[in-house]
Amino acid sequence: MDSNTLKWLLDELNKYQDNEQLFAKRALLEQTKSLVKEQSKRINERQDELDGRMWSPDKW
Amino acid sequence: MKTLVIISHPDIKTSTTQAFLRDAQKNLKQVTWHPLDVLYSNYQIQIEKEQQLLTQFDRIIFQFPMYWYSSPALLKKWEDDVLTRNFVYLSEQASLKGKELGIVTSLGMPLREYQRGGVENFSISEMLIPYQALAKRAGMKFLKPFVISQFAYMTNQKRAKCLIDYQNYITNPKYDHFANYEKWMIQQLNEFKQTLPDDKQLIFQTVIDQIQNNADQLAELNWEVNMMKKKEGY
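Parameters at a glance
Residues numbered from 1 in each chain as written. Chains lettered and ligands numbered in written order. Predicted model: local features only at pLDDT ≥ 70, side-chain atom pairs only at ≥ 80, totals over all residues. Helix = DSSP H or I, 4+ residues; strand = E, 2+ residues; numbered from the N terminus. Rg over C-alpha atoms; globule rule 2.2 N^0.38 Å. Buried ≥ 20, exposed ≤ 12 C-beta atoms within 10 Å, placed from the backbone. Contact = placed C-beta atoms within 7 Å. UniProt positions renumbered as here; feature names shortened; annotations may be inferred. Expected span 1.5 Å × (residues − 1). Domains from an automatic or database assignment. Nonpolar A, V, L, I, M, F, W, Y, C, P; charged D, E, K, R; others polar.

Considering the overall build of chain A
Right, so step 1: Counting its regular elements, chain A contains two helices and zero strands.
Right, so step 2: The C-alpha atoms of chain A give a radius of gyration of 17 Å, which is well past the 10 Å a tight globule of 60 residues would have.
Right, so step 3: In terms of overall dimensions, chain A has C-alpha extents of about 60 × 20 × 5 Å along its principal axes.
Right, so step 4: Burial analysis of chain A (60 residues in total) assigns 23% to the buried set.

Laid out in structure tokens, this is it:
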């Protein structure tokens, strides 16, 4: 997920969160923001790991 | 999956932690709230009725504040009365075999004090060994405990996390795995979408779709990494 997509997701979730009064619904949206940040982190880590393994010295 | 939450708290009617947890589960299908102190304030437990109830659920949760490193007295009384040898032992009726046992416990002290060198010096896992032993004897799977530390001092952000993590713990069949957490969250978001006006539902669906795309991309990357590790002989 690129940084623009992540920003768009977080902005959208913030908009829905601002319109909610109920704590349980606000909590769900808050944790959804944490979820997408974690997805983004894990996707980047896996992509870095793949790049690292492809460039392993024993494959040169 | 059906979950039975058995609560033991002598001050259940005034406890803010229990009120918070009760609100967290009140709209969840498949979850039954079973407050012992409300049902059995006289300590006269209806054994057959309780045993019959237990057989109907897949995940059984003991939920209580930690009192002197154990549960309040009524839960122990309930265990002693309801969990009879005939009902529990694998060599007898084995009525709980294959079910899961989870613990939700709240602490007045910070969690960091429950370790070697901390004020309490013993871990939560050590304190919960009797429940783990019970699960083993009954042929149940013992789940990692869900610990709530110093609820009164939590910020709203921490309470939001606590609420969703608790719902995940009591309703998600594989609550402790990230891919399953993603799947569970998407289910919650679909239910949330239904509460929105029609015009907002469409836009929110694109949010859900993107989260699903992320989950698919991550699953694919995990697969590629694992394949590469296999090729490398890991």
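This is not the end of the story, as more comes after the structure.
Looking at the environment of Leu-111 of chain B
Residues and elements named next belong to chain B.
Right, so step 1: Among the structural elements, Leu-111 can be located in the loop between strand S4 (100-107) and helix H6 (124-127).
Right, so step 2: You can call Leu-111 partly exposed: it has 15 C-beta atoms within 10 Å.
Right, so step 3: Those residues in contact with Leu-111, other than ones at most four positions away along the chain, are Val-147 and Ser-149.

What about the UniProt feature "domain: Flavodoxin-like fold" (unreviewed entry) in chain B?
Right, so step 1: Within this structure's numbering, the places UniProt gives as "domain: Flavodoxin-like fold" (unreviewed entry) are residues 1-168 of chain B.
Right, so step 2: Secondary structure within residues 1-168 of chain B divides into 38% helix and 18% strand; the distance between the first and last C-alpha atoms comes to 12 Å.

Describing helix H8 (residues 156-171) of chain B
Because the α-helix completes a turn every 3.6 residues, residues three or four places apart line up on one side.
Right, so step 1: Over its 16 residues, H8 of chain B extends 22 Å from the first C-alpha to the last, a length consistent with the 22 Å expected when each residue adds 1.5 Å.
Right, so step 2: All buried positions along H8 of chain B are accounted for by Ala-160, Cys-162, Leu-163, Ile-164, Tyr-166, Gln-167, Ile-170 and Thr-171 of chain B.
Right, so step 3: Of the surrounding secondary structure, the elements contacted by the buried residues of H8 of chain B are helix H2 (23-54) of chain A together with strand S1 (3-7), helix H1 (16-25), strand S2 (31-35), strand S3 (59-65) and strand S6 (146-149) of chain B.

Focus: the domain arrangement of chain B
Residues and elements named next belong to chain B.
Right, so step 1: Domains assigned within chain B are domain 1 (3-176) and domain 2 (177-234).
Right, so step 2: Taking the mean C-alpha position of each, domain 1 and domain 2 sit 30 Å from one another.
Right, so step 3: Between domain 1 and domain 2, the residue contacts involve four residues of the former and four residues of the latter.
Right, so step 4: Its residues assigned to classes, the side of domain 1 that touches domain 2 comprises no nonpolar, two polar and two charged.

Topic: the interface of chain A and chain B
Right, so step 1: Across the boundary between the two partners, chain A contributes 24 residues, which contact 24 residues of chain B.
Right, so step 2: A breakdown of the residues in the side of chain A that touches chain B according to their chemical character gives 11 nonpolar, five polar and eight charged.

Looking at the environment of Asn-44 of chain A
Residues and elements named next belong to chain A.
Right, so step 1: Residue position: Asn-44 is located in helix H2.
Right, so step 2: Residue classification places Asn-44 among the partly exposed residues on the basis of 13 C-beta atoms within 10 Å.
Right, so step 3: As for Asn-44 and Met-1, which are separated by 43 residues in sequence, their C-alpha atoms are 8.0 Å apart.

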